[in-house]
Amino acid sequence: CRGCPAVQSCGRANESVRMLTQMEALTLTLAIELPVLAVCARLARWPLRRVLVVGALASCLTHPLAWWAALSMPGTVPVSEFETGILAIEVLVTLVEAFLFALLLRVGWVRALGASVLAVGASALAGWWL
């Protein structure tokens, strides 16, 4: 949760926790999602270079919007509502990235959604763990 821009809102931060900057969080996102997408590409026999480029593009488009949405959440919401809001943001990111994968990789919606769920899910879990 420390990597989350709205960590102060959920009441989990203390003075000893350093939040990630948006650039650090994006770098971490790419470091997690691109290898997951590389595995998906290999298993599905998609062109690796194209998958990595589209994956990086999708993350670079959705990450700033997700960051802004998390920062826009009120600082007074209870933890359960904060977590629900973060989950909703991650679901929207997953859907947008799946759409981009389907469109730009020219793969079926189900496969694009599967790759997106794996990549975004891995990234979200790592962010939650941090």
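Residues numbered from 1 in each chain as written. Predicted model: local features only at pLDDT ≥ 70, side-chain atom pairs only at ≥ 80, totals over all residues. Heavy atoms only, no water.

> Just to check I follow, could you spell out the side chain of E97 for this structure?
Relative to the assigned elements, E97 resides in helix α3 (residues 79-105). Despite its burial, E97 pairs with no opposite charge, the nearest such side chain being R50 at 15 Å. Those residues in contact with E97, other than ones at most four positions away along the chain, are E33, A58, S59, T62, S116 and V120. (Helix = DSSP H or I, 4+ residues; strand = E, 2+ residues; numbered from the N terminus. Buried < 20%, exposed > 50% of the residue type's maximum accessible area, 1.4 Å probe, protein only. Lys, Arg positive; Asp, Glu negative; His and termini not counted. Salt bridge = Lys/Arg side-chain N within 4 Å of Asp/Glu carboxyl O. Contact = heavy atoms within 4.5 Å.)

> Could you clarify how one ought to interpret unusual backbone geometry in this entry?
Peptide bonds are mostly trans, and most non-glycine residues show a negative phi. Even without glycine at this site, R45 takes up a positive phi of about 60°. Inspection of the secondary structure assignment puts R45 in the loop between α1 (22-44) and α2 (48-72). Within the chain, R106 stands out as a residue other than glycine whose phi angle is a positive 55°. Considering the arrangement of structural elements, one finds R106 in the loop between α3 and α4 (109-129). What makes R106 exposed here is its relative accessible area of 69%.

> I would appreciate a short explanation of α4 in the present structure.
Because each turn of an α-helix spans 3.6 residues, side chains separated by three or four positions end up pointing in the same direction. Over its 21 residues, α4 runs 29 Å from end to end, which matches the ideal 30 Å to within 8%, given 1.5 Å per residue. Among all positions of α4, only A112, A115, S116, A119, V120, S123 and A126 are buried. Across the axial projection of α4, the buried residues extend over an arc of 115°, all falling on one side. Across α4 from its buried face, at more than 90 degrees, point the exposed residues V110, L125 and W129. Buried residues in α4 make contact with α1 and α3. (Expected span 1.5 Å × (residues − 1). Arc of directions from axis to C-beta.)

> How do you make sense of α2 when you look at a structure like this?
Over its 25 residues, α2 extends 36 Å from the first C-alpha to the last, a length consistent with the 36 Å expected when each residue adds 1.5 Å. If you look at α2, its biggest bend is around 25°, right at T62, and the proline P64 turns up within four residues after that. Of the surrounding elements, those touching the buried residues of α2 are α1 and α3. (Bend = angle between axes of the 7 residues up to and from the residue.)

> Mind showing me how you'd approach the confidence of the model for the protein here?
Close reading of the predicted structure is inappropriate where its pLDDT is low. When pLDDT is averaged along the protein, the result is 88, and 87% of the positions lie at 70 or above. Segment residues 7-15: pLDDT under 50, and 18 contacts once partners within four positions in sequence are set aside and those in other chains are kept. (pLDDT = per-residue confidence, 0-100.)

> Sorry, what's going on with the nonpolar core here?
General note: in soluble globular proteins, nonpolar side chains tend to be found buried as a group. Within the largest apolar cluster, 16 residues are counted, with the highest numbers of intra-cluster contacts made by L37, W46, V51, F101, L105 and A115. Of all the secondary-structure elements, those providing two or more residues to this core are α1, α2, α3 and α4. Contacts of F101, omitting those with residues within four sequence positions, involve L37, V54, G55, A58, R106, V107, A112, A115 and S116. If you look at the next biggest cluster of nonpolar residues, it comprises nine residues, including A66, A70, M73 and V77. (Core = buried A, V, L, I, M, F, W, Y, C linked by side-chain atoms within 4.5 Å.)

> Explanation requested: the packing of α2 against α3 in the structure shown.
How two helices pack is summed up by the angle between their axes together with the distance between the axes. At a closest axis distance of 9 Å, the pairing of α2 and α3 adopts a crossing angle of 150°. Our classification of the angle between α2 and α3 gives roughly antiparallel. At the point where α2 passes α3, the crossing takes the right-handed sense. Residues R50, V51, V54, G55, L57, A58, S59, L61, T62, A66, A69 and A70 of α2 pack against I86, I89, V93, V96, E97, L100, F101, L104 and L105 of α3. Of the residues assigned to the contact of α2 with α3, the class counts are 16 nonpolar, three polar and two charged. (Axes fitted to C-alpha atoms, helices over the stretch in contact; angles between N-to-C directions. Parallel < 35°, antiparallel > 145°, perpendicular 65-115°, else oblique. Left-handed = near helix turned anticlockwise from the far one by under 90°. Nonpolar A, V, L, I, M, F, W, Y, C, P; charged D, E, K, R; others polar.)

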